[in-house]
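Structural characterization, general
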Amino acid sequence: MGNLLDFENNEKGYKPFQLSYENIKANIGKKICYVDFVEPHRGTYFVRYGVIYGVRYSKLILNDGEKSIYIRDVKECGIEI
């Protein structure tokens, strides 16, 4: 996908971030922005924000365990600088 997050304007203060088990473990407690769903017909999407809490199997756990998303569903991700 790519080019969903605009790191120079809308998501200023974030940089591109590759979701992998090692990267997630090394950055627990940091804030991320991500896009996990793009509407197939219109191409609309929402940028969501959360704090990395951990990783369990193939799920990224955010905000003290209250939200979990499959890593493979994340289209693009950025981490706070």
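Now for a quick tour of the structure. (Residues numbered from 1 in each chain as written. Predicted model: local features only at pLDDT ≥ 70, side-chain atom pairs only at ≥ 80, totals over all residues. Heavy atoms only, no water.)

Secondary structure assignment for the protein yields one helix and six strands. Listed by position from the N terminus, the elements making up the protein come as β-α-β-β-β-β-β. Taking the principal axes of its C-alpha atoms as reference, the protein extends roughly 30 × 25 × 20 Å. Here the protein, with 81 residues, has 36% of them falling under the buried criterion. Of the roughly 5,500 Å² of accessible surface on the protein, a fraction of 46% belongs to carbon and sulfur atoms. Taking the average location of the 12 positive side-chain charges in the protein and that of its 11 negative ones, the two points are 5 Å from each other. (Helix = DSSP H or I, 4+ residues; strand = E, 2+ residues; numbered from the N terminus. Buried < 20%, exposed > 50% of the residue type's maximum accessible area, 1.4 Å probe, protein only. Areas by Shrake-Rupley, 256 points an atom, 1.4 Å probe, with all protein chains shown as cover. Lys, Arg positive; Asp, Glu negative; His and termini not counted. Charge placed at Lys NZ, Arg CZ, Asp CG, Glu CD.)

In this section: the sheet that holds strand β3 (residues 48-56). Reading across the sheet, the six strands line up as β1-β6-β2-β3-β4-β5 and stay open at both edges, with antiparallel pairing between neighbours. Strands with a single pairing partner mark the edges of an open sheet, and in this sheet they are β1 (14-16) and β5 (67-70). In this sheet, adjacent strand axes meet at a mean angle of 45 degrees when their direction is disregarded. Across three bridges, the pairing between β1 and strand β6 (residues 76-80) is antiparallel. Of the residues in β6, the one forming a bridge with Tyr14 is Glu80. (Pairing = 2+ DSSP bridges. Axes fitted to C-alpha atoms, helices over the stretch in contact; angles between N-to-C directions.)

What follows covers the nonpolar core. Counting residues in hydrophobic clusters, the biggest one holds 14 residues, and the most contacted among them are Leu19, Ile32 and Leu60. For this core, the secondary structure elements donating two or more residues are β2 (31-35), β3, β4 (59-62) and β6. Dropping the residues within four chain positions of it, Ile32 is found in contact with Tyr14, Arg48, Tyr49, Gly50, Ile52, Leu60, Leu62, Cys77, Gly78 and Ile79. Of all hydrophobic cores here, the second largest spans seven residues; its members include Phe7, Tyr14, Cys33 and Val38. (Core = buried A, V, L, I, M, F, W, Y, C linked by side-chain atoms within 4.5 Å. Contact = heavy atoms within 4.5 Å.)

Enumeration over the complete set of coordinates arrives at one aromatic pair. Ring centres of Tyr14 and Tyr49 lie 5.9 Å apart, and the angle between their planes is 55 degrees; on these two criteria the pair is classed as tilted. Taken together, the residues Tyr14 in strand β1 and Tyr49 in strand β3 connect sequence positions 35 residues apart. Accessibility expressed as a relative area gives 9% for Tyr14, which makes it buried. Residue Tyr49 is classed as partly exposed on the basis of its relative accessible area, which comes to 37%. Geometry around Tyr70 places Arg72 over its ring, the cationic atom sitting 4.5 Å from the centre. (Phe/Tyr/Trp six-rings, centres within 6.5 Å; stacked < 30°, edge-to-face > 60°. Lys NZ or Arg CZ within 6 Å of the ring centre and 35° of its normal.)

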